[in-house]
Amino acid sequence: MIKIEIDGKLVETERGSTVMDAAHKAGVYIPHFCYHKKLSIAANCRMCLVEVEKVPKPLPACATPASDGMKVHTHSELAAKAQKGVMEFLLINHPLDCPICDQGGECQLQDIAVGYGGGVSRYTEEKRVVMSKSVGELISTNEMTRCIQCTRCVRFGQEIAGVMELGMANRSEHSEIMSFVNSTVDSELSGNMIDLCPVGALTSKPFRYTARSWELSRRKSVSPHDGLGAPLAIHIKNNKVARVVPVENEDINECWISDKDRFSYEGLNSAQRLTKPMLKQDGKWLEVEWATALEYVANGLHQISGSAGAEQIAALATPHSTLEELYLLQKLLRGMGSGNIDTRTRLSDFSADGKQAGAPWLGMPIAEINQCDRFLIVGSFLRKDHPLLAQRIRQAVKNGGEANLVHSSDDDLLMPVANKAIVVPSEILNVLAQVLKALAEEKQATLSADVQQAIGKVNVADSARAIAHSLADGKHAAVLLGNFAQQHPQASQISVICEQIAFLSNAKFGYLGEAANSVGAYLADAVPFAGDGHGMNAAEMLAKPRKAYLLLNVEPELDMHDAQQAMSAMRSADMVVALSAYKHHATEYADVLLPIAPFTETSGTFINTEGRAQSFKGAVKPLGEARPAWKVLRVLGNLMDVSGFDYDSSEAVRDEALDTAQMASKLNNHISGVPLQLNSAATVADLQRVSDVPIYYADAVVRRADSLQKTHDAASPCIILHGNELQKLGVQCGDLVTVKQGDASVSLAVAMDDRLPQGVARVAAGHQATSTLGAMFGTITVERA
Amino acid sequence: MEKIRDFFKTFLLFELLKGMALTGRYMFARKITVQFPEEKTPQGFRFRGLHAQRRYANGEERCIGCKLCEAVCPALAIKIEVAEREDGTRRTTQYDIDLTKCIFCGFCEESCPVDAIVETRIFEYHGENRSDLYYTKPMLLAIGDKNETQIAKDRAADAKYR
């Protein structure tokens with residue numbers, strides 16, 4: 001530690017830190033544009049010039065290392081004169097268009113110009129003009145003339161997003177920020193550049209001209225999308241969500257949010273929003289009063305449970321629902337005498353049900369990812385499924401860590417991957433067994449007899465040995481299971497073997513939670529094996545069709561593991577009640593549509609993948625006659641004469657559902673009693689399907705966010721094959737082929753990706769175009785159209 | 001002594017005569033009463049009357065929808081909605097002034113970066129019900145179009161003081 005004096009205040013700071021860091025500690029503000037605490041130091045805006053005693057010229061605070069006994073003056077005559085001079089230079093080419101600039105009112109340049117600049121401009125010559133350019137549907141670059149070349153966006157791309165999509169071309173007065181010729185900014189974190197831009201050069205395209213910053217009121221909320229649960233600030237104008245920006249939390253999102261969190265709000269104002277309860281009578285949809293609709297539902301459920309038994313009633317919910325909603329739904333179902341409730345709609349292997357020691361979670365706090373130096377990532381489209389967790393892993397790898405990947409697809413993770421094994425889905429378990437065996441050999445550890453027996457005959461490939469070596473080498477390793485691994489038909493086997501790998505390499509073992517409330521769903525008992533343990537899981541409910549289905553936020557053709565089976569179950573049911581914020585495909589098979597409020601319009605709690613419960617309040621009033629789902633379920637509970645449904649606030653539901661003191665002990669990834677069985681080495685002639693859920697199709701809100709739907713990530717799905725498979729079929733990229741799975745076939749365009757293993761056909765799930773196909777895994781046939 | 005002076009002043013109706021003298025002076029002075037509406041008082045170029053929206057010489061409306069007038073209005077009389085026009089410029093889709101709320105302080109005019117909203121010399125306007133005094137964008141533009149010559153002259157006269 002060294003001592004440094006800033007404006008007469010003595011502060012202690014670490015050796016090697018800069019004057020800017022010390023000033024932050026001392027609580028002294030130094031004006032700056034290019035400096036950002038999460039980015040590297042560029043020192044090119046020169047706004048942070050300060051006077052240092054015994055130095056003849058002013059120095060940039062962001063790039064000057066603090067040294068012992070240094071005396072810094074940030075407001076002295078010399079410093080103020082330097083800052084004023086820099087400000088004048090910056091404003092020479094900056095247009096005076098604040099009145100039409102979206103940044104106006106929340107602009108760093110405006111603020112600092114008022115605070116540190118001169119009163120009038122002495123510059124009367126012509127200003128520089130930069131032509132507008134297009135970099136995609138999310139970021140507006142129409143007014144690049146406003147750019148002051150701080151290069152924060154460029155550094156963000158290189159350092160945080162992992163890909164340099166914006167760069168600075170040309171020199172001096174001609175320098176411009178631009179993307180590569182004709183390319184767009186496609187990073188899943190690109191929206192953060194809007195926040196980073198200290199001027200109005202990069203602004204939000206969907207938000208463009210909709211509001212001025214002073215008209216917006218700000219409410220805190222939590223992201224309902226991926227498992228991270230990023231804290232959000234919802235900006236509201238006229239009882240409508242106008243935009244979403246991040247709230248800083250060093251333990252969760254640092255200061256970033258993904259584009260999915262940022263731009264999905266457009267889905268909340270979608271024209272597809274359901275605003276009145278609707279009933280289907282004689283094949284026609286009627287808008288009815290809440291009382292009528294709820295009574296209809298209660299009567300229908302009473303009849304079915306009376307005539308066919310309560311176990312004929314099933315409930316499906318997405319893990320994007322709040323803890324309160326899920327808790328009440330399971331309480332309602334169990335109160336009626338049925339245990340058929342599940343939220344794990346995209347999972348297929350339920351053999352570990354009831355054998356888990358607790359709710360599957362990340363296995364460590366999110367912030368701990370940065371401390372890990374070895375990663376084994378199993379089955380994850382990491383960047384698209386968990387944009388910000390991927391960012392943390394990227395930082396850890398940059399700091400000397402090593403990432404290892406076992407997966408069926410080799411998408412660019414935008415970070416160096418030390419070792420990888422890219423195999424067909426049915427081989428994943430075997431590869432993991434190889435890693436385990438190699439690890440056991442390397443560590444000279446003895447495995448339990450049954451595991452030893454199961455992996456005894458495995459031949460260890462070089463790639464698996466390399467992964468094992470990498471893991472054994474580290475001090476803080478982590479074994480992380482992605483969405484793909486959890487959706488895999490052998491998910492519980494994969495979990496068991498990964499737990500063993502983690503144990504041997506002394507690693508943290510965790511699941512990357514698919515949705516905002518994946519952990520919360522377990523803690524709310526919205527799983528069939530909770531309670532008395534007699535319930536059907538998501539797969540059984542569809543395999544043995546029930547007479548009545550309650551759907552909470554679920555769109556069966558898009559959210560279920562086997563869309564085909566789900567739809568046939570829905571069509572054969574006597575009664576389908578869809579609680580949804582949207583008028584979706586359910587109009588075809590449902591009998592009642594109940595409009596419920598999405599996350600901005602209801603209070604609730606999400607428990608993110610690290611087991612952090614975050615409660616939030618409604619930010620705006622529910623649209624039309626939509627109501628928070630917890631209220632709907634509460635009234636339904638009363639109508640069904642289920643006892644204990646007299647809540648008067650969502651907090652009361654939460655307090656009953658969640659024992660915060662006990663929560664930490666309920667998070668446990670340990671699985672016992674699932675015997676390890678490896679596949680026989682039978683080769684499959686057909687192609688094996690690999691399904692990702694594209695980032696902008698993952699949940700109901702984001703599916704309806706217009707701008708996100710125009711991005712590359714939301715392009716209509718095609719079937720992606722290895723080049724050799726294309727040759728075998730005799731088709732070219734872009735040709736239409738017939739894709740058959742189960743008894744359905746669809747026509748899709750072919751794309752080539754030589755990074756896929758041979759024998760794999762990658763077809764995205766969660767999209768209307770592929771929703772008639774069957775399970776997300778399994779064999780698939782491709783024929784020339 | 002004081003008491004004696006008071007007694008004589010009261011007894012001789014001194015105060016009354018003093019008041020009557022003032023009345024008498026005005027009886028013979030020049031009258032300032034104006035026979036409205038045949039006659040009108042002179043107005044300064046800063047007169048703050050009915051609002052108007054101006055256009056540029058090429059017919060393009062000036063207002064860019066920055067909403068500074070809406071923000072500064074102490075009576076919350078202005079309501080603005082903005083959208084991007086087809087040519088990509090920022091324009092108002094709604095610009096209303098509720099004249100029943102307006103206190104004619106002139107802040108809107110002062111805050112306007114493009115001299116779009118101005119207060120004219122017009123003060124003789126009326127409405128038969130409240131809604132007549134709710135002025136919308138076309139109405140304000142029409143007032144501006146009709147009185148542009150006078151408005152421009154007044155702004156020019158005021159320019160050197162700004």
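Worth saying up front: this structure is predicted, and the values here are computed from it rather than measured.

Rules of the game
- Residues numbered from 1 in each chain as written.
- Chains lettered and ligands numbered in written order.
- Predicted model: local features only at pLDDT ≥ 70, side-chain atom pairs only at ≥ 80, totals over all residues.
- Helix = DSSP H or I, 4+ residues; strand = E, 2+ residues; numbered from the N terminus.
- Rg over C-alpha atoms; globule rule 2.2 N^0.38 Å.
- Buried ≥ 20, exposed ≤ 12 C-beta atoms within 10 Å, placed from the backbone.
- Contact = placed C-beta atoms within 7 Å.
- Core = buried A, V, L, I, M, F, W, Y, C linked by C-beta atoms within 7 Å.
- Pairing = 2+ DSSP bridges.
- Axes fitted to C-alpha atoms, helices over the stretch in contact; angles between N-to-C directions.
- Parallel < 35°, antiparallel > 145°, perpendicular 65-115°, else oblique.
- Left-handed = near helix turned anticlockwise from the far one by under 90°.
- Expected span 1.5 Å × (residues − 1).
- Arc of directions from axis to C-beta.
- pLDDT = per-residue confidence, 0-100.

Along the backbone of chain B there are five helices and five strands. Element order for chain B, N to C, with α for helix and β for strand: α-α-β-α-β-β-α-β-β-α. The C-alpha atoms of chain B give a radius of gyration of 25 Å, which is well past the 15 Å a tight globule of 162 residues would have. If one aligns the C-alpha atoms of chain B with their principal axes, the spans along those axes are about 90 × 40 × 30 Å. Expressed as a percentage of the 162 residues in chain B, the buried residues total 21%. Within chain B, residue pairs in contact and separated by at least 24 positions form 70% of the contacts whose partners lie at least 6 positions apart.

Another aspect to go through is the overall build of chain A. Within chain A, the secondary structure is distributed over 25 helices and 32 strands. For chain A, the C-alpha radius of gyration of 28 Å lies close to 28 Å, the compact-globule estimate for 785 residues. Dimensions of chain A, computed from the C-alpha atoms along their principal axes, are close to 90 × 65 × 60 Å. A total of 785 residues make up chain A; the buried ones form 54% of that total. In chain A, 74% of the contacts between residues at least 6 apart in sequence involve partners at least 24 apart.

Glancing now at the interface of chain B and chain A. Tallying the contact residues gives 10 residues for chain B and six residues for chain A. Looking at the side of chain B that touches chain A, the elements with two or more residues in it are helix H3 (68-72) and strand S2 (78-84) of chain B. Ranked by residues supplied to the side of chain B that touches chain A, first place goes to S2 of chain B with three residues.

Looking now at the nonpolar core. Grouped together as the largest cluster of nonpolar side chains are 236 residues, with contacts concentrated most on Leu329, Leu432, Ile501, Leu551, Val577 and Ile719 of chain A. Sequence-distant contacts of Leu329 of chain A, that is, excluding residues within four places in its chain, are made with Ala315, Ala317, Ile341, Ala526, Leu552 and Leu633 of chain A. Core analysis: the second largest hydrophobic core is formed by 23 residues, Leu68, Cys73, Val82 and Cys102 of chain B among them.

Let us look at the pairing of strand S21 (residues 508-511) of chain A. Residue and element names in this part refer to chain A. Residues Lys508 and Gly510 point to one face of S21 and Phe509 and Tyr511 to the other, with burial holding for every one of them. Alignment of strand S20 (residues 477-481) against S21, held across four bridges, turns out to be parallel. Following the sheet pairing, Leu480 is matched in S21 by Gly510.

This part is about the sheet that holds strand S3 (residues 90-98) of chain B. Strands in a sheet are paired, the pairing made by backbone hydrogen bonds, and the direction either parallel or antiparallel. Residues and elements named next belong to chain B. Strand order in the open sheet formed by three strands is S2-S3-S5, and the pairing between neighbours is antiparallel. In this open sheet, the two strands that pair with only one neighbour each are S2 and strand S5 (134-135). Judged from the seven bridges that link them, S2 and S3 form a sheet pairing that is antiparallel. Across the sheet, Ile80 pairs through a bridge with Tyr95, a residue of S3. Packing of helix H5 (residues 137-159) onto the sheet brings it into contact with S3 and S5, and relative to S3 it is tilted by some 90 degrees.

Looking now at the environment of Cys108 of chain B. All names here are of chain B. Positionally, Cys108 belongs in helix H4 (residues 107-111). Exposure remark for Cys108: the 25 C-beta atoms within 10 Å place this residue in the buried category. Once residues within four sequence positions are removed from consideration, Cys108 is found in contact with Cys69, Val72, Cys73, Ile78 and Ile117.

All names here are of chain A. It is at 10 Å that the axes of helix H2 (residues 77-92) and helix H3 (residues 108-116) come closest, and there the two elements cross at 135 degrees. With respect to their mutual orientation, H2 and H3 come out oblique. Both H2 and H3 take part in a crossing whose hand is left-handed. Mapping the contact onto sequence places Gln83, Lys84, Met87 and Leu91 in H2 and Ile112, Ala113 and Tyr116 in H3.

Here we take up unusual backbone geometry. For the bond from Phe36 of chain B to Pro37 of chain B, the omega torsion is 5 degrees, close enough to zero to count as cis. Structurally, Pro37 of chain B can be placed in the loop between helix H2 (14-28) and strand S1 (51-53). Its identity as a non-glycine residue notwithstanding, Asn506 of chain A has a phi of 55 degrees, on the positive side. With respect to the secondary-structure elements, Asn506 of chain A resides in the loop between helix H15 (491-504) and S21. Looking at Asn506 of chain A, the number of C-beta atoms within 10 Å reads 14, which means it is partly exposed. Here the phi dihedral of Phe104 of chain B falls at roughly 55 degrees; this positive angle occurs in a residue that is not glycine. Locating Phe104 of chain B in the fold gives a position in the loop between S3 and H4. The exposure class of Phe104 of chain B is partly exposed, given the 16 C-beta atoms found within 10 Å.

Taken in spatial order, the six strands of this closed barrel run S27-S31-S28-S30-S29-S32 (chain A), and their pairing is mixed. Averaged over all neighbouring strand pairs, the angle between strand axes comes to 45 degrees, with direction disregarded.

Further remarks concern H5 of chain B. Residues and elements named next belong to chain B. Over its 23 residues, H5 extends only 26 Å from the first C-alpha to the last, a length that falls short of the 33 Å expected when each residue adds 1.5 Å. Within H5 the residues assigned to the buried category are Leu140, Ile143, Gly144, Ile151 and Asp154. Buried residues in H5 make contact with S1, S3, strand S4 (117-119) and S5.

Residue and element names in this part refer to chain A. Counting buried positions over the five residues of strand S22 (residues 548-552) gives five, a clear majority of the element. Burial along S22 is two-sided: the face carrying Ala548, Leu550 and Leu552 and the face carrying Tyr549 and Leu551 are both buried. Sheet analysis places strand S15 (residues 313-317) next to S22, joined by five bridges and oriented parallel. Looking at the pairing, Ala317 lines up with Leu552 of S22. Relative to strand S23 (residues 575-580), S22 runs parallel, the two sharing five bridges. Directly across from Tyr549, in S23, lies its bridge partner Val576.

Let us look at helix H7 (residues 290-308) of chain A. Residue and element names in this part refer to chain A. The terminal C-alpha atoms of H7 lie 27 Å apart, and with 19 residues this matches the ideal 27 Å at 1.5 Å per residue to within 8%. Taken together, the buried positions of H7 are Ala293, Leu294, Val297, Leu301 and Ile304. Along the long axis of H7, the arc covered by the buried residues comes to 100 degrees, so they all point the same way. Exposed residues lying more than 90 degrees from the buried face of H7 are Ala291, Gly306 and Ser307. Just beyond H7, the residue with positive phi is Gly309, at close to 100 degrees.

Tracing the backbone through its elements, the reader meets Cys66 of chain B in the loop between S1 and H3. In sequence terms Cys66 of chain B and Val82 of chain B are 16 residues apart; their C-alpha atoms lie 8.5 Å from each other.

Residues and elements named next belong to chain B. On average, chain B scores 93 in pLDDT, and the residues at 70 or more come to 100%. The secondary-structure element of chain B with the lowest mean pLDDT is helix H1 (residues 2-11), recorded at 88, while S1 shows the highest, at 97. Confidence metrics for the complex model read pTM 0.93 and ipTM 0.84.

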